[in-house]
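Analysis of the macromolecular model
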Amino acid sequence: MKARHYIGGAIILVFLGLLFYNFTRTNIEYESDFTKVMQSGKVCKATGVWVKEKSFQENIQDRTFIFYLRDAKNNEMKVVYKGTKPNNFEIATNVVVTGKYENGYFQATDVLTKCPSKYEGQNINTSGS
C-alpha cells in the first residue's frame, strides 16, 4: 500500500469520529419530570414553569441568573444560569433550560422562554353578524 492510502484512511477515520461526536452532542433529551432530571446526572432539556413566588436573582457582576422552576408534579428545582436574564422572562408561560443537575441545583447553559401568543384567547366571529 502506498502512503497516500494510509493518509486517506486516516482522514476518513477522523471525519467519522467527528460525525459520531457531533451526533452524541446533539442527542439531548427533553424531560418534564424534575425527579428524573435530578437523578439522571446527564445533560438534558428540562421544561417547567417559573415559580413567581420565589422571584429571581440577577447578579450583573458575576453574570449569574438564578430562579426556580416547577414541573407538572409540583416538584421545584433551583436553576443557576451563567448569563443574563432572557428577554420576556417575566411573561413566559413555560421555560426550557438546557444543562445538568449537580451540587443541588440545575446548572443551565441555555434558557429559552415560551411567551404567550398575541393571538391566544381571541374569539373569531364567523357568523357575519
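These remarks concern the structure in this document. (Residues numbered from 1 in each chain as written. Predicted model: local features only at pLDDT ≥ 70, side-chain atom pairs only at ≥ 80, totals over all residues. Heavy atoms only, no water.)

What about the side chain of T64?
Checked against the element boundaries, T64 lands in strand β4 (residues 64-70). Separated by 3.3 Å, the side chain of T64 and the backbone oxygen of D62 make a polar contact. Here T64 is in contact with Q57, E58, N59, V80, Y81, K82 and G83, once residues within four sequence places are set aside. (Helix = DSSP H or I, 4+ residues; strand = E, 2+ residues; numbered from the N terminus. Polar contact = N/O pair within 3.5 Å; in protein donor to acceptor, adjacent residues only side chain to side chain. Contact = heavy atoms within 4.5 Å.)

Some words on the packing of aromatic side chains
Note on aromatic pairs: each is described by the distance of the centres and the angle between the planes. In the structure shown here, the tally under the stated rule is seven aromatic pairs. Aromatic pair F65 and F67: ring centres 5.1 Å apart, planes at 40 degrees, arrangement tilted. With a relative accessible area of 0%, F65 lands in the buried category. Taking 5.0 Å as the distance between ring centres and 65 degrees as the angle between the ring planes, the aromatic pair formed by F67 and F89 counts as edge-to-face. Residue F67 is located in strand β4, and its partner F89 is located in the loop between β5 (76-82) and β6 (94-102); the two are separated by 22 residues in the primary sequence. For F67, a relative accessible area of 0% corresponds to the buried category. Taking the relative accessible area as the measure of exposure, F89 reaches 0% and is therefore buried. By way of ring pairs, the aromatic residues W50, F56, F65, F67 and F89 are connected into one cluster. (Phe/Tyr/Trp six-rings, centres within 6.5 Å; stacked < 30°, edge-to-face > 60°. Buried < 20%, exposed > 50% of the residue type's maximum accessible area, 1.4 Å probe, protein only.)

A word on the nonpolar core
In this structure, V37, F67, M77, V79, V95, V97 and F106 are the most contacted members of the largest nonpolar core, which totals 19 residues. Of all elements in the fold, only α2 (34-40), β2 (44-50), β4, β5, β6 and β7 (105-114) reach the threshold of two or more residues within this core. Excluding residues within four positions of it along the chain, M77 makes contact with F34, V37, M38, A46, F67, Y68, L69, Y101 and F106. (Core = buried A, V, L, I, M, F, W, Y, C linked by side-chain atoms within 4.5 Å.)

Details of the pairing of β7
Two elements, β5 and β7, share three bridges in a ladder whose sense is parallel. When the sheet's bridge partners are listed, Y81 is paired in β7 with A108. Note: β6 against β7, nine bridges, orientation antiparallel. Residue T98 lies in a different strand from β7, and its bridge partner there is D110. Counting the residues that bridge the hairpin from β6 to β7 gives two residues, and of these N103 lies at a positive phi of roughly 55 degrees. (Pairing = 2+ DSSP bridges.)

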